Amino acid sequence: MMEELINLVNKKLDEYLEIKYPKTIFESMKYTLSLKGKRLRPIMCLETLRMLGGKIETALPTACAIEMLHVQSLIHDDLPCMDNDDYRRGQLSNHKVYGEAAAVLAGDALLTYAPQTIIEKSTDLTSEQILKIIHEYTKAAGVYGLIGGQIVDIESEKQQFEKNKEETLAYIHIHKTAVLFRLAIKTACIIANANDDTTLELDGFALKFGEAFQIYDDIMDEISTFEEMGKTIGKDKQAKKLTYTSLYGVEKAINKCLVLIKECHDIIDKYGSEIFNEFLGKIEKRLNTRK
Ligand code: GRG
């Protein structure tokens, strides 16, 4: 089931993004997009729509656009002026293959091609639904979302804090990571015409799952390997990044993550989703083997 959805997303991404002139930019966009990522966010969008009784085909342009936005954020995050990472998804990062200028432009191109895809390919949605989705997209990508989260993250490395460390950390987690989980689930609610109560409940799930996922990612930066994560390990500590593990230590971080995952189950289990169960189960299993 999960594999089928991943294949469907990959097929559509390929279809939406053909290599045209000028080749360099299309190739650079496709490079990171085509590398083996988990496709968590598009799957979350499609699975939420399925749970709510919608047809997953209607959400494919939106699901793929969210993956484009995610990949944009990965390409820019790896640049020397940001996290300066040479590897991503187990391969050389975008700027290492195409150079910095092309990597910046590939990110910008994905950021803008994503909403273009939603508008052009969502033929089964109403104009009102498309407008609502684009509104959510701009909030998630912009200063109220990824950009806000990233600047606070960067400043935290330099020990610059406008708020206390706990509030700063929560801000980073919500804006850098949970934001795209929320976008995936909120857009599915828009497509399914879900009522306000359901949308609020599922948004609460997305927020908790996003926070848990970022804490998990931070734990993995300390206890995992390049082979498991596909990126350089131990960089957060080296960069003196503000993370849950740097603030409270690995053991407390594991416990906090497991508590959040349990709270996710409390919300989502009644929807009977094998896929969300699998996502949550993988994190629980990995953390429990460490304990
Ligand atoms: C929107 C213009 C604009 C800029 C983006 C660079 C940036 C600002 C934000 C960085 C956001 C970022 C990289 C957050 C990390 C989130 C995270 C845990 C990523 C890893 O996600 P996985 O494990 O990765 O799902 P795969 O490769 O499997 O998709």
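Scroll up to find the structure.
Let me sum up the structure you'll find in this document. (Residues numbered from 1 in each chain as written. Predicted model: local features only at pLDDT ≥ 70, side-chain atom pairs only at ≥ 80, totals over all residues. Heavy atoms only, no water.)

**Digging into the overall build of the protein chain**
Secondary structure assignment for the protein chain yields 15 helices and two strands. In terms of overall size, the protein chain behaves like a compact globule, its C-alpha atoms giving a radius of gyration of 18 Å where 291 residues would be expected to give roughly 19 Å. Principal-axis analysis of the C-alpha atoms places the extent of the protein chain at approximately 50 × 50 × 35 Å. Counting all 291 residues of the protein chain, 54% fall into the buried class. Of the roughly 13,800 Å² that the protein chain leaves accessible, carbon and sulfur atoms contribute 52%. Where the 38 positive side-chain charges of the protein chain centre and where its 45 negative ones centre are 2 Å apart. (Helix = DSSP H or I, 4+ residues; strand = E, 2+ residues; numbered from the N terminus. Rg over C-alpha atoms; globule rule 2.2 N^0.38 Å. Buried < 20%, exposed > 50% of the residue type's maximum accessible area, 1.4 Å probe, protein only. Areas by Shrake-Rupley, 256 points an atom, 1.4 Å probe, with all protein chains shown as cover. Lys, Arg positive; Asp, Glu negative; His and termini not counted. Charge placed at Lys NZ, Arg CZ, Asp CG, Glu CD.)

**Looking at the site of the ligand**
In the vicinity of the ligand there are 20 residues, among which K38, R41, H70, R89 and Q150 approach most closely. A distance of 2.6 Å separates an oxygen atom of the ligand from a polar atom in the side chain of K38. Here an oxygen atom of the ligand sits 2.8 Å away from a polar atom, N or O, in the side chain of R41. Counting only elements with at least two residues in the shell around the ligand, the list comes to α3 (40-51), α4 (60-77), α8 (146-157), α9 (165-191) and α10 (196-223). Ranked by residue count, the leading element in the shell around the ligand is α4, at five residues. (Near = heavy atom within 4 Å. Polar contact = N/O pair within 3.5 Å; in protein donor to acceptor, adjacent residues only side chain to side chain.)

**Points about the pattern of salt bridges**
A side chain of one charge can pair with a side chain of the opposite charge if their charged atoms are brought near each other. For the structure on display, the rule yields 23 salt bridges. Residues E47 and R50 are paired through a salt bridge, measuring 2.9 Å at the closest nitrogen-oxygen approach. Note that E47 and R50 are positioned in helix α3 at a spacing of three residues, about one turn of the helix. E47 gets classed as buried once you look at its relative accessible area, which sits at 2%. The shortest N-O distance in the salt bridge between D203 and R182 comes to 2.8 Å. (Salt bridge = Lys/Arg side-chain N within 4 Å of Asp/Glu carboxyl O.)

**Looking at unusual backbone geometry**
Between Y21 and the following residue, P22, the backbone shows a cis peptide bond with an omega angle of 0 degrees. If you trace the backbone, P22 turns up in the loop between α1 (2-16) and α2 (23-34). Notably, K240 is not glycine yet its phi reads approximately 55 degrees, a positive angle. The residue K240 is located in the loop between α12 (235-238) and α13 (244-248) in this model.

**Focus: the packing of α4 against helix α6 (residues 100-121)**
Look at α4 against α6: their axes get within 8 Å of each other, and the N-to-C directions meet at 170 degrees. The angle between α4 and α6 places the two elements in the roughly antiparallel class. Taken together, the residues of α6 that come into contact with α4 (itself represented by P61, T62, A65, M68, L69, V71, Q72, I75 and H76) are A103, V104, G107, D108, L110, L111, Y113, A114, T117, I118 and K121. The residue makeup of the contact of α4 with α6, split by class, is 13 nonpolar, five polar and two charged. (Axes fitted to C-alpha atoms, helices over the stretch in contact; angles between N-to-C directions. Parallel < 35°, antiparallel > 145°, perpendicular 65-115°, else oblique. Contact = heavy atoms within 4.5 Å. Nonpolar A, V, L, I, M, F, W, Y, C, P; charged D, E, K, R; others polar.)

**Section: the packing of aromatic side chains**
Aromatic ring pairs: the centre-centre distance and the angle between the two ring planes describe each pair. Scanning the entire structure with this criterion turns up ten aromatic pairs. Ring centres of Y31 and Y98 lie 5.7 Å apart, and the angle between their planes is 65 degrees; on these two criteria the pair is classed as edge-to-face. Within this pair, whereas Y31 is found in helix α2, its partner Y98 is found in helix α5 (residues 94-98), the two being separated by 67 residues in sequence. By relative accessible area, which is 18% here, Y31 ends up buried. For the ring pair F181 and F209, a centre distance of 5.2 Å and an interplane angle of 70 degrees mean the geometry is edge-to-face. Here F181 is found in helix α9, whereas its partner F209 is found in helix α10, with 28 residues between them in sequence. Overall, F181 belongs to the buried group, its relative accessible area being 0%. Three or more aromatic residues joined by ring pairs form one cluster here, namely F181, F205, F209, F213, Y216, F276 and F279. (Phe/Tyr/Trp six-rings, centres within 6.5 Å; stacked < 30°, edge-to-face > 60°.)

**A short note on the environment of D108**
Tracing the backbone shows D108 in helix α6. Under the relative-accessibility criterion, D108 is labelled partly exposed at 32%. Taking the C-alpha atoms as reference points, D108 and S73, 35 residues apart in sequence, are found 9.5 Å from one another.

**Notes on the side chain of T243**
Assignment of secondary structure puts T243 in the loop between α12 and α13. At 2.9 Å, the side chain of T243 forms a polar contact with the side chain of T245. If we skip the residues at most four places from it in the chain, T243 touches L169, D218 and D236.

**Thoughts on helix α15 (residues 274-290)**
In this model α15 runs 24 Å from its N-terminal to its C-terminal C-alpha over 17 residues, within 8% of the 24 Å that 1.5 Å per residue would give. What α15 keeps buried is the set I275, F276, F279, L280, I283, R286 and L287. Viewed end-on, α15 has its buried residues packed into an arc of 145 degrees, placing them on one side of the element. Relative to its buried face, α15 has exposed residues pointing more than 90 degrees away, namely E274, K285 and T289. Looking at the buried side of α15, the elements it contacts are α1, α3, α9, α10, α11 (226-229) and α14 (250-268). (Expected span 1.5 Å × (residues − 1). Arc of directions from axis to C-beta.)

Remember, this is a structural readout, not a statement about activity or role.
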